[in-house]
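Spelled out, the chains give:
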Amino acid sequence: MWRLGELTEALMGNTLILSQVDVHSLLTIEECMTAVENAFRTLAEGKTQPPKVLGLHVQEGGLHIKAGVMQLNRYYIVAKLNSNFPANPARHHLPTIQGVVTVFDADNGELLALMDSIAITIIRTGAATGVAAKHLARTNAESITICGCGNQGLISLQAILSVRKLIRVFLYDTNARQMQALSDEVSSLYPQLEIIQADTLRSAVKKSDIVVTCTPSTLPLIDLEDVSPGTFIAAVGADSEHKNEIHPRLVAASKVVTDLTVQSAAIGDLHHAIKKGFVALSHVHAELGEVVAGKKPGRTNDEEVIIFDSTGTALQDVAAASIVYERALAKKFGTSFNLVSQA
């Protein structure tokens, strides 16, 4: 088995190509949670620069470019280019999200890897949800609602199950077939859990200690009166200024923790609450990294409702992609080729 340094030298000048299957084979939700938690802490401690985002929009969707840099086992720049077209599954039989993660050496600019972005996005987003639940959900939480029964719903549940002892799972989706499919999969993976397919989202949320929303909705799904005291809400779906899952009234009445406040104010549920005059930017209690680093408190009592406004940051991509790249080298996964023509 080659050592990482030896493999890196051997592949100098080559770019490693990694598929969605490769990414899933090389990255677990538990280790991604550890890496993502460290990324949030590193940012809060001022040990890396804030990530950047660029959004472009067309009639049926758009493209987000998210870039970040971190010093890990080596110094990485990672940029993710994701297209997001919500009508794709029904209209074109294509995924909503398609794209690529690019991994560069931050010391010399070498393009080290190109990898599928769907798997990276799903896993690192679920990891952030799990980290947020670890710090912000009640320690005695037993019930959860998953609103949006796609891949993000499953990985979110898996992440939270690693930090909380749940006994009951409510599932809700406007697509009954998709809700049934997730119910079957969760029942198979976790036979100890009680799985309930909810007739209405409100009835499920009212009975839940934790709520995860991971939909492409452009209209609020959860309002103030839907939520019981002490609920933790991970609002995952809103990652553009047009998407909205949490009503501004609920945002205003809750403790708000963001992944990156400036980004949430631009493209998250916080954006809508600010735009409609329900809150100011000062309403944000903390960024998740500040809670992880102990700079600000997380949950202080069992009655407060806490919203994690998760828009997805490039540092999560750096944390996840670096694991995939280094493990691919060690296990000789993927295909390498030289993008620079040789004379």
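Since the structure is predicted, the reported quantities are computational estimates derived from the model, not experimental observations.

Cut-offs used in this document
Residues numbered from 1 in each chain as written. Predicted model: local features only at pLDDT ≥ 70, side-chain atom pairs only at ≥ 80, totals over all residues. Heavy atoms only, no water. Pairing = 2+ DSSP bridges. Helix = DSSP H or I, 4+ residues; strand = E, 2+ residues; numbered from the N terminus. Axes fitted to C-alpha atoms, helices over the stretch in contact; angles between N-to-C directions. Contact = heavy atoms within 4.5 Å. Buried < 20%, exposed > 50% of the residue type's maximum accessible area, 1.4 Å probe, protein only. Polar contact = N/O pair within 3.5 Å; in protein donor to acceptor, adjacent residues only side chain to side chain. Core = buried A, V, L, I, M, F, W, Y, C linked by side-chain atoms within 4.5 Å. 1 Å grid on protein atoms, 1.4 Å probe; cavity = no way out; pocket = protein on both sides within 12 Å on 5 of 7 lines; lining within 4 Å. Points joined across faces, edges and corners; volume = space filled by probe spheres on them. Patch = residues over 30% accessible without salt bridge, like charges linked within 9 Å, V, L, I, M, F, W, Y side chains within 5 Å. Areas by Shrake-Rupley, 256 points an atom, 1.4 Å probe, with all protein chains shown as cover. Salt bridge = Lys/Arg side-chain N within 4 Å of Asp/Glu carboxyl O. Lys, Arg positive; Asp, Glu negative; His and termini not counted. Expected span 1.5 Å × (residues − 1). Phe/Tyr/Trp six-rings, centres within 6.5 Å; stacked < 30°, edge-to-face > 60°.

## Structural notes on the sheet that holds strand S12 (residues 255–258)
Spatial strand order, S9-S8-S7-S10-S11-S14-S12-S13: eight strands in an open sheet with parallel pairing. Looking at which strands have only one partner, the edges of the open sheet turn out to be strand S9 (194–197) and strand S13 (284–287). Recorded for the sheet is a direction-independent mean angle of 20 degrees between the axes of neighbouring strands. Note: S12 against strand S14 (residues 306–309), four bridges, orientation parallel. Each residue of the ladder has a partner; that of Lys 255, found in S14, is Ile 306. Sheet strands touched by helix H5 (residues 117–136): strand S10 (210–213), strand S11 (232–235), S12 and S14. Its angle to S14, the strand with the most contacts, is close to 155 degrees.

## Notes on the environment of Ser 156
Note on placement: Ser 156 falls in helix H6 (residues 151–161). Residue Ser 156 is classed as buried on the basis of its relative accessible area, which comes to 0%. Taking the C-alpha atoms as reference points, Ser 156 and Thr 129, 27 residues apart in sequence, are found 6.3 Å from one another. Not counting residues up to four positions away in its chain, the partners in contact with Ser 156 are Gly 126, Thr 129 and Val 212. Among the polar contacts made by the side chain of Ser 156, one reaches the main-chain carbonyl oxygen of Gln 152 at a distance of 2.7 Å.

## Re the sheet that holds strand S4 (residues 75–84)
Spatially, the seven strands line up as an open sheet ordered S2-S3-S4-S5-S6-S1-S15, and their pairing is mixed. Looking at the sheet topology across the chains shown, the edges are occupied by strand S2 (52–58) and strand S15 (335–337). Across the sheet, the mean angle separating the axes of adjacent strands is 15 degrees when strand polarity is ignored. Relative to S15, strand S1 (residues 15–18) runs antiparallel, the two sharing three bridges. Residue Leu 16 lies in a different strand from S15, and its bridge partner there is Ser 336. Contacts from H5 reach strand S3 (61–71), S4, strand S5 (97–105) and strand S6 (111–116), with the element oriented near 90 degrees to S5.

## Re the nonpolar core
Residues Met 115 and Phe 232 are the most contacted members of the largest nonpolar core, which totals 75 residues. Of all the elements, H5 adds the most residues to this core, at 11 residues. Residues contacting Met 115, with those up to four places away along its chain left out, are Leu 18, Val 23, Gly 99, Val 100, Val 101, Val 103, Ile 120, Ala 321, Val 324 and Tyr 325. Counting residues in each nonpolar core, the second largest holds 22 residues, with Ala 198, Leu 270, Ala 273 and Val 279 among its members.

## Looking at the layout of surface pockets
Computed from the structure, the largest pocket encloses a volume of approximately 1200 Å³. Lining the largest pocket are 44 residues, with Thr 96, Gln 152, Cys 214, Thr 215 and Pro 216 sitting closest to its centre. At the level of secondary structure, the elements contributing two or more residues to the lining of the largest pocket comprise S3, S4, helix H4 (88–91), H5 and H6. With five residues, H5 is the largest single contributor of residues to the lining of the largest pocket. Within this model, the second largest pocket holds a volume of roughly 250 Å³.

## Some details on a nonpolar patch on the surface
A surface patch of nonpolar side chains, about 270 Å² in accessible area, is lined by Phe 337, Leu 339 and Val 340. Within the secondary structure, Leu 339 is located in the segment after S15.

## What about the side chain of Glu 287?
Residue placement: Glu 287 occurs in strand S13. One buried charged residue, Glu 287, forms no salt bridge at all, with the nearest opposite charge on Lys 296 at 8.4 Å. The contact partners of Glu 287, leaving out residues within four places of it in the chain, are Val 257, Thr 258, Asp 259, Leu 260 and Thr 261.

## Points about unusual backbone geometry
Its identity is not glycine, yet His 93 carries a phi of approximately 55 degrees, on the positive side. Relative to the assigned elements, His 93 resides in the loop between H4 and S5.

## Points about the pairing of S5
Two strands pair when backbone bridges link them, and S4 and S5 are joined in this way by nine bridges, in the antiparallel orientation. In the strand pairing of S5, Tyr 76 is matched with Asp 105. In this structure, S5 lies alongside S6, joined through five bridges in antiparallel fashion. Paired with Val 103 across the two strands is Ala 113, which belongs to S6.

## Notes on H5
An α-helical turn contains 3.6 residues, so any two residues separated by three or four positions project in the same direction. Along its 20 residues, H5 runs 28 Å from first to last C-alpha, staying within 8% of the 28 Å computed at 1.5 Å per residue. Counting buried positions along H5 gives 18 out of 20 residues, so the element sits mostly inside the fold. Where H5 starts, the residue carrying a side-chain oxygen 3.2 Å from the main-chain nitrogen of Ile 118 turns out to be Asp 116.

## Re the packing of aromatic side chains
Using the criterion set out here, one finds one aromatic pair in the structure. Ring geometry for Tyr 76 against Tyr 325: centres 6.3 Å apart, planes inclined by 85 degrees, an arrangement best described as edge-to-face. With a gap of 249 residues between them, Tyr 76 in strand S4 and Tyr 325 in helix H13 (residues 314–331) connect regions that are remote in the sequence. For Tyr 76, a relative accessible area of 0% gives the class buried. Residue class for Tyr 325 comes out buried when judged on its relative accessible area of 4%.

As far as function goes, none of this settles anything; it's purely spatial.
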